[in-house]
Amino acid sequence: RDFYLALSGKFFMVVGTTIITTFELYIFTDYIGQSTKSAANSISIFSSIMLFIGVFFALVSGPLADKLNRIKMPVVIATFALGIAALFPLFVNAAWAMFVYAVIAAFGNGLYNSVDGALNMDVLPSSDTAGKDLGLINLANTLGQMLGAIVAAAVVGSFGYRGIFVFAVIMEIIGGCLIFAIRRVR
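My aim in this report is to walk through the structure given alongside it, one point at a time. (Residues numbered from 1 in each chain as written. Predicted model: local features only at pLDDT ≥ 70, side-chain atom pairs only at ≥ 80, totals over all residues. Heavy atoms only, no water.)

Thoughts on the overall build of the protein chain
Each helix and strand counted, the protein chain has seven helices and zero strands in total. Ordered by position from the N terminus, the helices and strands of the protein chain form the series α-α-α-α-α-α-α. Its C-alpha radius of gyration of 17 Å places the protein chain within 12% of the 16 Å reference for a compact globule of 186 residues. Principal-axis analysis of the C-alpha atoms gives the protein chain an extent of 55 × 35 × 25 Å. Counting the 186 residues in the protein chain, one finds 48% classified as buried. Restricting to contacts in the protein chain with at least 6 residues of sequence separation, those with at least 24 account for 83%. Accessible surface, the protein chain: about 8,900 Å² in total, of which carbon and sulfur atoms supply 69%. (Helix = DSSP H or I, 4+ residues; strand = E, 2+ residues; numbered from the N terminus. Rg over C-alpha atoms; globule rule 2.2 N^0.38 Å. Buried < 20%, exposed > 50% of the residue type's maximum accessible area, 1.4 Å probe, protein only. Contact = heavy atoms within 4.5 Å. Areas by Shrake-Rupley, 256 points an atom, 1.4 Å probe, with all protein chains shown as cover.)

Below, the structure written as structure tokens:
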């Protein structure tokens, strides 16, 4: 049960994140209204924020989770943080809202990436099938990225760019709740 909750939680988290990052250029040009040149500058800033803050929190969060002996809650917090991040560009179509998204999402991604592997190891059903089970978890990541890109196009086509952010929030809430439901890991 816990393994499938972790697997599903990861899948929903990845779909929620990918739906925004896949359309990043179009969010800056079509949704926010920047020129291609301005969007290129904004994407550089966005990417730098994601990189530096994400790496910082990845380096800090793993040892902190070990010290606190807590693995599940940091992953839940990270997933909900990704959902909260999507609220800023949902309500404000300005570059600064995407930069706020980047700060909060980088925190979430750094925290998630530093602790998620430990959570996945702790929920494996059996050491005899660890390779297969870890492959399934990796498949959730890969399929989440692929589906996120497909869903992004469908959502924009049906609901516009604001729909991307609504969908991302919903995916992150579902992912966080699934991970929160894990019983075996603290």
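Considering the nonpolar core
If you look at the biggest cluster of nonpolar residues, it comprises 54 residues, and the most contacted ones within it are Ile20, Ile27 and Ile164. Broken down by secondary-structure element, the contributors of at least two residues to this core are α1 (2-22), α2 (24-31), α3 (36-68), α4 (72-91), α5 (95-122), α6 (130-159) and α7 (161-180). With sequence-adjacent residues up to four places away left out, Ile164 is seen in contact with Ile19, Ile20, Phe23, Ala152, Val155 and Val156. (Core = buried A, V, L, I, M, F, W, Y, C linked by side-chain atoms within 4.5 Å.)

A few points about the packing of aromatic side chains
Within a pair of aromatic rings, the relevant descriptors are the distance that separates the centres and the angle that separates the planes. Taken as a whole and judged by the stated rule, the model has eleven aromatic pairs. Ring geometry for Phe23 against Tyr161: centres 6.4 Å apart, planes inclined by 55°, an arrangement best described as tilted. Residue Phe23 is located in the loop between α1 and α2, and its partner Tyr161 is located in helix α7; the two are separated by 138 residues in the primary sequence. Assigned by exposure class, Phe23 and Tyr161 land together as buried. The cationic tip of Lys72 hangs over the ring face of Phe180; the distance from NZ or CZ to the ring centre is 5.2 Å. (Phe/Tyr/Trp six-rings, centres within 6.5 Å; stacked < 30°, edge-to-face > 60°. Lys NZ or Arg CZ within 6 Å of the ring centre and 35° of its normal.)

What to know about the side chain of Thr18
In this structure, Thr18 sits in helix α1. Apart from the residues within four sequence positions on either side, Thr18 is in contact with Gly144, Gln145, Gly148 and Ala149.

So, α7
Its 20 residues give α7 an end-to-end C-alpha distance of 29 Å, which sits within 8% of 28 Å, the value for a rise of 1.5 Å per residue. Here α7 has its buried residues at Tyr161, Gly163, Ile164, Phe165, Ala168, Val169, Met171, Glu172, Gly175, Gly176 and Ile179. Looking at the buried positions of α7, the neighbouring elements they touch are α1, α2, α4, α5 and α6. (Expected span 1.5 Å × (residues − 1).)

Focus: α3
End to end, α3 covers 46 Å across 33 residues, agreeing with the expected 48 Å (1.5 Å per residue, within 8%). Considered for burial, the residues of α3 that qualify are Ala39, Ser42, Phe46, Ile49, Met50, Gly54, Ser61, Gly62 and Ala65. Elements in contact with the buried residues of α3: α2, α4 and α5. Once α3 finishes, Asn69 follows within two positions and takes phi at roughly 55°, a positive value.

Some words on the environment of Ile150
Locating Ile150 in the fold gives a position in helix α6. Relative accessible area serves as the criterion here: at 58%, Ile150 is assigned to the exposed category. C-alpha separation for the pair Ile150 and Ile19, spaced 131 residues apart in sequence, amounts to 8.3 Å.

Some words on a nonpolar patch on the surface
On the surface, a cluster of nonpolar side chains totalling about 610 Å² of accessible area is made up of Leu51, Phe52, Val55, Phe56, Leu59 and Val60. As for its placement among the helices and strands, Leu59 is situated in helix α3. (Patch = residues over 30% accessible without salt bridge, like charges linked within 9 Å, V, L, I, M, F, W, Y side chains within 5 Å. Salt bridge = Lys/Arg side-chain N within 4 Å of Asp/Glu carboxyl O.)

Points about unusual backbone geometry
For Asn69, which is not a glycine, the phi torsion comes out positive at approximately 55°. Here Asn69 shows up in the loop between α3 and α4.

Limitation: the analysis is restricted to geometry and does not speak to function.
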